[in-house]
Each structure stands twice: as C-alpha cells, then as structure tokens.
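Summary of structural features
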Amino acid sequence: MDNKLYIYNTLHRKKELFVPLHAPHVGMYVCGPTVYGDPHLGHARPAITFDILFRYLKHLGYKVRYVRNITDVGHLENDADSGEDKIEKKARLEQLEPMEIAQYYSNRYHKAMEALNVLPPSIEPHASGHIPEQIEFVKKILEAGFAYESEGSVYFDVEKYDKKYHYGKLSGRNIDELLETTRMLEGQEEKRRSVDFALWKKASPEHIMRWKSPWSEGFPGWHLECSAMSTKYLGEEFDIHGGGMDLLFPHHECEISQSTAALGKESVRYWMHNNMITINGQKMGKSLGNFITLEEFFSGNHPLLSQAYEPMTVRFFILQAHYRSTVDFSNEALQASEKGLERLMEGYERLQKLIPSDTSSSDMSGLRLRCEEAMCDDLNTPIVIAHLFEAVKFINLVYDGKATVSAADLEELKDVFRLFVEDLLGLKKEDENFAKYEALKKAVDLLLEIRLEAKRNKDWATSDKIRDELTALGFEIKDTKDGFEWKI
RNA sequence: GGUACUUUGGCCGAGAGGUUAGGCACCGGUCUGCAAAACCGCAUACGGCGGUUCGAAUCCGCCAAGUACCUCCA
C-alpha cells in the first residue's frame, strides 16, 4: 500500500488522498440498477468505473467489501402519474408478478455485466429484502425529530434538518433556492414544504407492492434503501459511496440527510460520481428514449449502430475516457476503440512470443510506475492505456527484430501487462468455443502450410487462391519472413 | 429562472504556466512476388475578446455555444 491513491471527492469538489477508515478494510457502496428494463450503455459506465476501483483497491492490498444494490421496489414513475411504481407499471403492462419483472431484469443485468467482465460485488442486496431495516431507519429519523407523519406517510423535514445540519452540502444547492425553483407537484398537500421527501408512502388501493409498517401499508421512500442497506453492511460510517452524476441530487443529497438525521453523523467519507454517456451530445437515458441496450450493442441490432460491438470493445471504449468526463457515443468512436483494443491485445499476445536478448535497446522500466501513478491519480485509465500503447510500440519493434529486450525486462513487461491489461483494466480476449477454435486453427494452419509450399515452388496461382479464398471466408492472412500468421 | 460543468488537431480523448499524450482515419515511406500487418514520417490543436506573466491552451475577467441537475433516471 505504498501507492497514494487520490480520488475526487464530490463532497469537497477536489481530489483527496484516500485514507480508509479501518485499513486494511475498505467499504464501498454503489447505486445499482432499478430492474425494470434492459441494461443499456448508461448502466455500463458506473459498473465499469467502480469495477476498476474495486480491482485497484484490491491490488493495493485492501480487503474490500463492495456493496451494490438492486432496486426492485421501484420508484415513483413521476408525480403526475398517480405515484405508480415503475416495476409495478411494467408488471401490469406485461401481466406479470412484480417480482417476476425484477428477477428477469436482474438476470439480464447480471448477464450483461458478466459479458463486460465486471466482477460481481461482495454483496448485492435487494431493496425488497430490507423492508424491516428501512422501517427501522424511518423510526430512527422520527425519534431524532427530523420527520413527521402525515396521513399514513412519513416525510423528511428538510427545513428542520437544514437548521441543525446542512441540506445541500453535496449538490451545492440551498434550501431557499429549492423552495423557489421546485415546481408544485401533485399530492404535495401532505407535505409541509415542497422540498420534503417521502421516507414512507402509504399505498393507494391499486398499489400491488406493499408492506406493513407502523404508519400504513405502503412502501419505502425513494432514497431510503441506500441509507438502510449501506449502513447495514458497511457500518454507520464507511469509506466510499459511488453512483452516476445524475443521482447527485436529489438522491444522494437525501441519503446524506437521512443518514445524518438517523445516526447523528455522516456516513460517507468519499462520494464519487461517474459522468454520463451522451449520444449526439445529449445524455443517454431511459427517460429520453435515446438509449441503446447492451444487448443491442452486442448484436448490432439498433438503427444507430452500423455494426455489432463486442463487450470488450464497449468496456475499452468506456475506459478510454476518464470516468468524470462525459463520453459521446458514435460508431466512429466505437470503431476506433475496436481497432485500438485489437492493437493492444495483439501486442499483448506478441509479448508472450518475444525472444529475449542480452540487453534491452530501450528502457521500459518506468512503465509499471507510470501506470500506477495514472491509476492513483483518480483512476486515470486513459493515461494507463496510453502508456500501454507506448509499450506495444516497443513490443512490435522487438517482434520485428528492430529492437531487443533482455530476459529480465521481458518478464517485467509481461508482468506489467498481465497486471494492468487483465487484472486491473479487466480486458480479455474473447474466445468462446475454445475447442472448436482449436480444431479450426489446425485446419487453417494445414492449409497455410500448403500455401507455403506452393510459394516455395513459386506457384502463385495456388498460393493466391488459398489466400484469396480464405480472405473471402473472413480470414485475414499475413505473411511473415519464414511463415505466416492468420486470424478471423 | 437557479446551480454546476464543458468547449482541445478530420474523429475520439488525455494533459497542463515554457518540453511528443495516446488511439482511430488520411497521406508518404520501409518491408513484401502482391496484399495485409508491423515500423518510420506527417497534424504544430487547445471557443472568442481582454488581462496577469519573461512566457498561457493551461491563471483571472467578460462574452459565446453546449450539457447536466433542479421530476424517475447510471
């Protein structure tokens, strides 16, 4: 743990040295998906961003407990929509049990995450499985005097809270502005102030998802699950809380208020937020209807996609931008990533085949350090990738016999690549159907041996025929000095 | 309207008060029977206008354009 990891803390709007509360243990909580729809590119961003953090913290030697929730209770659709749950609405439309919806989309989410090589979190709690904890949390806030009951619902008293603590410290908003700018919404008569938010909502008769509570049969408020579940599994105080920037306000602001009100202290030390993925400069989002699901990416089946993209291409595309920048989707950018990734992975493969010399013609010793420094600088994966590409250049030179590498340097290079490419960036070669592929390889090798022989006999007609036919079938043939290389 | 952020070469995307980011594309070259790959070379960019400074794309001010949040959203 010699490396000093700096991460950008949204709470203070600056990079801060990461010092865990109880080293070597680190607790991190990340807002997971609401499972009422197929995962899209926007879901991939936080999952990958915090996957990188998870991997890197472990690399630094920490024992990390990573909690990422599944929201299956649903949130209110919108206030004009009679307060119906998203999941519930979907259930009604598809004539399914709400939990069936949640299960279905959880599975889809997991499948997509696995394809993206996102490691599963240590704990993945469901909101529906933590209703008692959430009720307890509401009780605590009521006891502390920062909530009030109104017609079976419980609301958080933002104004009262703000007098003692500071509502808006994360998002930089202040309560007066909010009172001015928050538009009047339906069903607000129960609340004292428009800025107050629900901790517990009484269910209307048509509401299917409902639980018993001291106040009414109903369901927990929008922000409560994260407060209840994060503190349950990580303690009243924990290190890192992450999520998308769009959750900054009101979700995370409300979370801070709830936890502070209930526990008398702040729970989270470092707040981290990943930026959005945009499409034509606009946020890609469910509500905007301009999102592309991950499955559509993998199949290419979407009007905006000119081809299918492999999961690793999507991962690499996301890692080529810093997590706090927006990244704009386009086929051109994806294709550039696809080729770049291919170059990187090919370099990685060639690295395994290099033959060492007595000395190295170029000094690559700083590579590990430079990559570590980039990671420590708020997880600057684009810089790590740039460094790796410089090494690829060197690898190719050695491969071409235009440079040399010593045995010791070669081992170091291999080790650094394995560490950064595979373990930390989580990039891997996509080779399903490995056995079939092996057989195919032998067949193609055989064919190319024949071609080699034809070439020795200067039988260009035969050699070109083999190459052209294979090329037409989708193979890429490359001649080398004394043999050949190929790929599909 | 309020708050915050962004603006980099053909595209994506880092960085940062004075030194080549990187990837993709284009073009030229090396290599090769041809091709592909690889390698070499090639862009001298930083929204506009002022200011600070020996020096700014990097700091400050103003302006412009755009985005996000203020309603569920990753």
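This text follows the structure it describes.
Read on for an overview of the structure.

1. Quick look at the overall build of chain A
A count of helices and strands for chain A gives 16 helices and 15 strands. Judged by the C-alpha coordinates and their principal axes, chain A covers about 95 × 50 × 35 Å. Taken across its 488 residues, chain A has 51% of its residues classed as buried. For chain A, restricting intrachain contacts to residue pairs at least 6 apart in sequence, the fraction spanning at least 24 positions comes to 74%. Of the side-chain charges in chain A, 62 are positive and 79 negative, and the distance between the mean point of each set is 2 Å.

2. With respect to the sheet that holds strand 13 (residues 327–329)
Taken together, the three strands give an open sheet; going across it, the order is 12-11-13, and neighbouring strands pair in mixed fashion. Of all the strands in the sheet, just strand 12 (282–283) and strand 13 have a single pairing partner and so form its edges.

3. What to know about the protein's contact with RNA strand B
Taken together, the neighbourhood of RNA strand B is formed by 68 residues, with Lys86, Trp222, Lys283, Met284 and Ile383 sitting nearest. Per the 4 Å cut-off to the protein, sugar and phosphate atoms form 70% of the nearby atoms of RNA strand B. Contact distances for RNA strand B include 3.2 Å between a phosphate oxygen and a side-chain N or O atom of Arg343. A distance of 3.3 Å separates a sugar or linking oxygen of RNA strand B from a polar atom in the side chain of Glu476.

4. With respect to the packing of aromatic side chains
One pass over the full model with this rule turns up 16 aromatic pairs. Ring plane angle 35° and centroid distance 6.0 Å describe the contact between Tyr148 and Tyr155, whose orientation is recorded as tilted. The pair Tyr148 / Tyr155 is uniform in exposure class, with both members buried. Relative to Trp486, the ring of Phe475 has its centre 5.7 Å away and its plane inclined at 65°; by these criteria the two rings are edge-to-face. One end of the pair, Phe475, is in the loop between helix 16 (460–472) and strand 14 (476–479); the other, Trp486, is in strand 15 (residues 484–487), and 11 residues separate them in sequence. The same class applies to Phe475 and to Trp486, which are both buried. An aromatic cluster of three or more residues is present, and its members are Phe146, Phe156, Tyr161, Tyr165 and Phe197.

5. Remarks on helix 12 (residues 367–376)
Residues of helix 12 that are buried: Leu367, Cys371, Glu372, Ala374, Met375 and Cys376. Asp378, located one to two residues past helix 12, shows a positive phi value of around 60°.

6. Comments concerning the pattern of salt bridges
Two side chains with opposite charge may pair up if their charged atoms get near one another. Evaluated as defined, the whole model comprises 26 salt bridges. Measuring nitrogen to oxygen at the nearest pair gives 2.8 Å for the salt bridge that ties Asp51 to Arg55. A residue pair is termed a helical-turn pair when its members lie 3 or 4 positions apart in one helix, as Asp51 and Arg55 do in helix 1 (residues 41–59) at four residues. One exposure class covers both Asp51 and Arg55, and it is buried. Measuring nitrogen to oxygen at the nearest pair gives 3.7 Å for the salt bridge that ties Asp400 to Lys402. Since its relative accessible area comes to 42%, Asp400 is described here as partly exposed. Overlapping salt bridges, with partners in common, bring together Arg368, Glu412, Asp415, Arg418 and Asp423 in one network.

7. Some remarks on the side chain of His252
Mapped onto the fold, His252 is located in helix 8 (residues 248–263). What makes His252 buried here is its relative accessible area of 0%. Look past the residues within four positions of His252 in its chain and what remains in contact with it is Cys31, Leu170, His241, Gly242, Gly243, Gly244, Leu247, Trp271 and His273.

8. Topic: the pairing of strand 6 (residues 153–156)
Every second residue of strand 6 is oriented toward a common face, with Ser153 and Tyr155 on one face and Val154 and Phe156 on the other, all of them buried. Note: strand 5 (residues 147–150) against strand 6, four bridges, orientation antiparallel. Paired with Ser150 across the strands is Ser153, a residue of strand 6. Where strand 5 folds back onto strand 6 in an antiparallel hairpin, the turn is made up of two residues, including Glu151, whose phi is positive at roughly 50°. Across three bridges, the pairing between strand 6 and strand 7 (residues 197–202) is antiparallel. Bridging across to strand 7, Phe156 finds its partner in Phe197.

9. Notes on the side chain of Thr71
Structurally, Thr71 can be placed in the loop between strand 4 (63–68) and helix 2 (86–94). Given the relative accessible area of 4%, Thr71 is considered buried. Side-chain polar atoms of Thr71 contact the side chain of Asn69, separated by 3.0 Å. Within the local environment of Thr71, its side chain forms a polar contact with the side chain of Glu225, the two groups lying 2.9 Å apart.

10. Focus: a nonpolar patch on the surface
Taken together, the side chains of Tyr6, Leu17 and Val19 present a nonpolar region at the surface, about 230 Å² in accessible area. The topology assignment puts Leu17 in strand 2 (residues 14–17).

11. Let's talk about the state of the cysteines
As enumerated under the stated definition, the model contains zero disulfides in all. Free cysteine: Cys31, not disulfide-bonded; nearest cysteine sulfur from Cys226 at 3.9 Å. A relative accessible area of 10% means that Cys31 is categorised as buried.

About the criteria used
Residues numbered from 1 in each chain as written. Chains lettered and ligands numbered in written order. Predicted model: local features only at pLDDT ≥ 70, side-chain atom pairs only at ≥ 80, totals over all residues. Heavy atoms only, no water. Helix = DSSP H or I, 4+ residues; strand = E, 2+ residues; numbered from the N terminus. Buried < 20%, exposed > 50% of the residue type's maximum accessible area, 1.4 Å probe, protein only. Contact = heavy atoms within 4.5 Å. Lys, Arg positive; Asp, Glu negative; His and termini not counted. Charge placed at Lys NZ, Arg CZ, Asp CG, Glu CD. Pairing = 2+ DSSP bridges. Near = heavy atom within 4 Å. Polar contact = N/O pair within 3.5 Å; in protein donor to acceptor, adjacent residues only side chain to side chain. Phe/Tyr/Trp six-rings, centres within 6.5 Å; stacked < 30°, edge-to-face > 60°. Salt bridge = Lys/Arg side-chain N within 4 Å of Asp/Glu carboxyl O. Patch = residues over 30% accessible without salt bridge, like charges linked within 9 Å, V, L, I, M, F, W, Y side chains within 5 Å. Areas by Shrake-Rupley, 256 points an atom, 1.4 Å probe, with all protein chains shown as cover. Disulfide = S-S within 2.5 Å.

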